[in-house]
Amino acid sequence: MDNKKLIKTTKVIDRCLKIISGFLKAGIIVCAVFFILLLIFGEKIIASASKLDFGMLTITTEEAFIPSFDSLRPGIAFSLAAAAIICGTALYIAGIIRGILKPMLEGRPFEDGTANKIRKLAFACLIGGFVIEICRNLSIWFELRAYDIGSILSSSAVRSFKINYTLDTGFAVTAILLLLLSHIFRYGENLQRESDETL
């Protein structure tokens, strides 16, 4: 069987993952550097604290509503830590995918152990997805705690406000599909083993 196309495609994907891994490592380093800068030059961050970003909604406040640096510091520190965790999780997942691609570079997609790596990838996506969602929602919670939202939204037309925390379940669907894929690869591994024994 001619596996040239598989090998060629796998090389391109592996090269892309290698570049992405480099960017993710750089992202972790940048987060660490900014964390150190936060401790040293933290007060200057207040100048950009007049904007609250809640995804689709961005609120720009008057200077009077900008909280003190002491109020903002926990949220900023957590956001940097969360960004580093997200980069680390993505780096780990990229490493697993590169491990899955390794036998494909030799034209053997159903090499022993590939199914287990795909299963490992499924659980990494599931756990990583939960961690990322928790970090995202906690970042918003820390930011909300630093501001007096009631004063910011004060108006005769506004009687109350509600914050809805959403959970993206796409990672769970991805994990389920990867688990199914691992069973398909396990079946392929058995066929490959039988073929090798026959030869």
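Residues numbered from 1 in each chain as written. Predicted model: local features only at pLDDT ≥ 70, side-chain atom pairs only at ≥ 80, totals over all residues. Heavy atoms only, no water.

(A) Here's a closer look at the overall build of the protein chain. Check the secondary structure of the protein chain and you find five helices and two strands. Start at the N end of the protein chain and walk to the C end: the helices and strands fall as α-β-β-α-α-α-α. Within the protein chain, the proportion of its 199 residues that are buried is 31%. Within the protein chain, contacts between residues at least 6 apart in sequence are counted, and of these 83% link residues at least 24 apart. Summed over its atoms, the accessible surface of the protein chain is roughly 13200 Å², and 65% of this surface lies on carbon and sulfur atoms. (Helix = DSSP H or I, 4+ residues; strand = E, 2+ residues; numbered from the N terminus. Buried < 20%, exposed > 50% of the residue type's maximum accessible area, 1.4 Å probe, protein only. Contact = heavy atoms within 4.5 Å. Areas by Shrake-Rupley, 256 points an atom, 1.4 Å probe, with all protein chains shown as cover.)

(B) Region of interest: the packing of aromatic side chains. The tally for this structure, following the rule as stated, stands at two aromatic pairs. Relative to Phe 185, the ring of Phe 110 has its centre 5.1 Å away and its plane inclined at 45°; by these criteria the two rings are tilted. Here Phe 110 is found in the loop between helix H2 (69–101) and helix H3 (114–146), whereas its partner Phe 185 is found in helix H5 (residues 170–198), with 75 residues between them in sequence. Taking the relative accessible area as the measure of exposure, Phe 185 reaches 12% and is therefore buried. (Phe/Tyr/Trp six-rings, centres within 6.5 Å; stacked < 30°, edge-to-face > 60°.)

(C) Structural detail: H5. End to end, H5 covers 42 Å across 29 residues, agreeing with the expected 42 Å (1.5 Å per residue, within 8%). Within H5, burial applies to Phe 171, Ala 175, Leu 178, Ser 182, Phe 185, Gly 188, Glu 189 and Gln 192. (Expected span 1.5 Å × (residues − 1).)

(D) Structural view of the confidence of the model for the protein chain. Within the protein chain, residue pLDDT values average 77, and 71% of them lie at 70 or more. The element-level mean pLDDT for the protein chain is lowest in strand E1 (residues 51–53), coming to 58, with helix H1 (residues 4–41) highest at 87. (pLDDT = per-residue confidence, 0-100.)

(E) Inspection of the pattern of salt bridges at higher detail. In total, this model carries two salt bridges according to the counting rule given. Residue Arg 98 pairs with Asp 14 through a salt bridge whose shortest N-O separation is 2.9 Å. Remark: Asp 14 occurs in helix H1 and Arg 98 occurs in helix H2; sequence separation between them is 84 residues. With a relative accessible area of 28%, Arg 98 lands in the partly exposed category. With relative accessibility at 14%, the residue Asp 14 sits in the buried group. One salt bridge connects Arg 108 with Glu 111, and the closest N-O pair in it is separated by 2.6 Å. (Salt bridge = Lys/Arg side-chain N within 4 Å of Asp/Glu carboxyl O.)

(F) Expanded view of the nonpolar core. The biggest cluster of nonpolar side chains holds 15 residues, and the ones touching the most others in it are Ile 100, Leu 121 and Leu 178. Residue assignment for this core shows that the elements contributing at least two residues are H2, H3 and H5. The contacts of Leu 121, once residues within four sequence positions are left out, are Ile 93, Ile 96, Ile 97, Ile 100 and Leu 178. (Core = buried A, V, L, I, M, F, W, Y, C linked by side-chain atoms within 4.5 Å.)

(G) Representation of the environment of Ala 94 in the model. Inspection of the secondary structure puts Ala 94 in helix H2. Under the relative-accessibility criterion, Ala 94 is labelled buried at 4%. On a C-alpha basis, the gap between Ala 94 and Ser 21 in space is 6.7 Å, while along the polypeptide they are 73 residues apart. Ignoring sequence-local partners within four residues, the contact set of Ala 94 consists of Leu 17 and Ser 21.

(H) Seen up close, the state of the cysteines. Here the structure, examined in full by the defined rule, presents zero disulfides. Left without a disulfide partner, Cys 87 is nearest to the cysteine sulfur of Cys 31, which lies 5.3 Å away. (Disulfide = S-S within 2.5 Å.)

(I) Molecular detail of a nonpolar patch on the surface. On the surface, a nonpolar cluster with roughly 430 Å² of combined accessible area is contributed by Ile 29, Val 30, Val 33, Phe 34 and Leu 37. Locating Phe 34 in the fold gives a position in helix H1. (Patch = residues over 30% accessible without salt bridge, like charges linked within 9 Å, V, L, I, M, F, W, Y side chains within 5 Å.)

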